[in-house]
Amino acid sequence: ADKRINHGSTLVIHGGAGIIDRKDFPESKQKEYLDALKKALLAGHEILKEGGSSIDAVVASVKVMEDCPFFNAGKGSVFTISGKNELEASIMQGVDSHAAGACTLLSTIKNPIILAKTLLQDPENPHVFLGGIEAEKYAKSKGLEIVDPGYFWTKHRWKQHLDELENKKPMQPENLRMINNLNNGDSRDVCDAADPSPIGTVGAVAVDINGIISTATSTGGFNNKKDGRIGDTPLIACGTWADNETCGVSGTGNGEFFIRHSVAYDVAARMKYLDESVQDATSKVIENLSKVGGYGGVIALDKYGNFAMPFNTDGMFRGYIRVSESIPYAYIFNDDNLNKELVVKFRN
């Protein structure tokens, strides 16, 4: 895209990448996920269209996904090997100071992304990253919503936890198939669709009317991870990055690879040092991720509103909305951009 064309305020989101088998994922269930992505897009869009900040927009979008049991973050988080939920998140602004906030090993914070934002914006907080009990004490002192750990229990995630324990081996990418519908109509807070992405993450990147880019990412980690495991999501430069002069990036996938290869920052570095476009830089980074055996995807957005959403799995829940159009677009599969009948366009 021509960098001289400014598309204006834009929001891009993802709800996780993984093995998503279309034949086991009926259209009615696809629509439920697409509706959830639409809701998240519109939440951030409401802020951007009023001239609000990109940081408020990405938090609004991610909060919607954290509160939705479909996605592996907040309410829909997966369980650790011992049957606990340990959540994490990070946020970053593309300003010169590289302002950032991050948190991990949380079990009572309803919305980890709000804690990350609070850490970033608190003038009395000298730290980027807090974890565990002290992070939860800090959140409580700031008046954030605290929940009983049982809030994060959902039937479909517990089934995934038990199924994998029974199989006595971690889920591998090729085995990340959806489980059977567990809901049977008996609980509105349980995902009615079989979950297609138990390794998922949620994220959002936005650029506002002032050209400031913000990125937010949140997750429950991966199913049956060891207690205390910390992934790429709360790590700045790995799962989250923002720089007004290059781009904002949020990742999803195999976190250990994103950590070892600084995936989010690598996109921005290619743009900065090789003068690549956001589309070329993200494509190359995901290509390189594939070469080393990593799987997942990224969303990335530059200050002109150019964006890219590449991934190397069967699908990635993703979407975008521009203030200039006010139409949220949502996608699931890797061929959605090619097959018009599979692209769901939402209009107000």
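Residues numbered from 1 in each chain as written. Predicted model: local features only at pLDDT ≥ 70, side-chain atom pairs only at ≥ 80, totals over all residues. Heavy atoms only, no water.

Keep this limit in mind: UniProt positions are given in the numbering used here, feature names are shortened, and annotations may be inferred rather than shown by experiment.
Looking at an unreviewed UniProt entry, one finds the chain named beta-aspartyl-peptidase and attributed to Cetraspora pellucida. In its Catalytic activity (unreviewed entry) section, the UniProt entry covering the chain states "Cleavage of a beta-linked Asp residue from the N-terminus of a polypeptide."

A few points about the side chain of Thr 233
Which entries qualify depends on this criterion: Only runs of H or I of at least four residues qualify as helices and only runs of E of at least two qualify as strands under DSSP, and these elements are numbered from the N terminus. Contacts are assigned to residue pairs with any non-hydrogen atoms lying within 4.5 Å of each other.
Along the polypeptide, Thr 233 turns up in the loop between strand E6 (213–219) and strand E7 (240–242). If near-sequence neighbours (up to four positions away) are discounted, Thr 233 is found in contact with Glu 88, Ala 89, Ser 90, Thr 201, Thr 217, Ser 218, Thr 219 and Thr 240.

Looking at unusual backbone geometry
Basically, it comes down to this: When accessible area is computed with a 1.4 Å probe and restricted to protein chains, residues below 20% of their type maximum are described as buried, those above 50% as exposed, and intermediate ones as partly exposed.
Not every positive phi belongs to a glycine, and Ala 237 is a case in point at roughly 85 degrees. Along the chain, Ala 237 turns up in the loop between E6 and E7. On the accessibility criterion, Ala 237 (16% relative accessible area) is buried. One non-glycine residue, Ser 262, adopts positive backbone phi at about 40 degrees. Counting through the fold element by element, Ser 262 comes out in the loop between helix H6 (255–260) and helix H7 (263–274). Taking the relative accessible area as the measure of exposure, Ser 262 reaches 29% and is therefore partly exposed.

Some details on the packing of helix H2 (residues 54–66) against helix H3 (residues 112–121)
We count it as follows: Here the axes come from fitting lines to C-alpha atoms, over the contacting stretch only for helices, and the angles between their N-to-C directions go from 0 to 180 degrees. What sets the label is the angle itself: under 35 degrees gives roughly parallel, over 145 gives roughly antiparallel, 65 to 115 gives roughly perpendicular, and the rest give oblique. Each residue receives one of three labels: charged for Asp, Glu, Lys and Arg, nonpolar for Ala, Val, Leu, Ile, Met, Phe, Trp, Tyr, Cys and Pro, and polar for the others, Gly being one of them.
For the pair H2 and H3, interaxial distance at closest approach is 8 Å and the crossing angle is 155 degrees. In terms of orientation, H2 and H3 fall into the roughly antiparallel class. From H2, Ile 55, Asp 56, Val 59, Val 62, Lys 63 and Glu 66 reach across to H3, where they touch Pro 112, Ile 113, Ile 114, Lys 117, Leu 120 and Gln 121. Considered class by class, the residues forming the contact of H2 with H3 number seven nonpolar, one polar and four charged.

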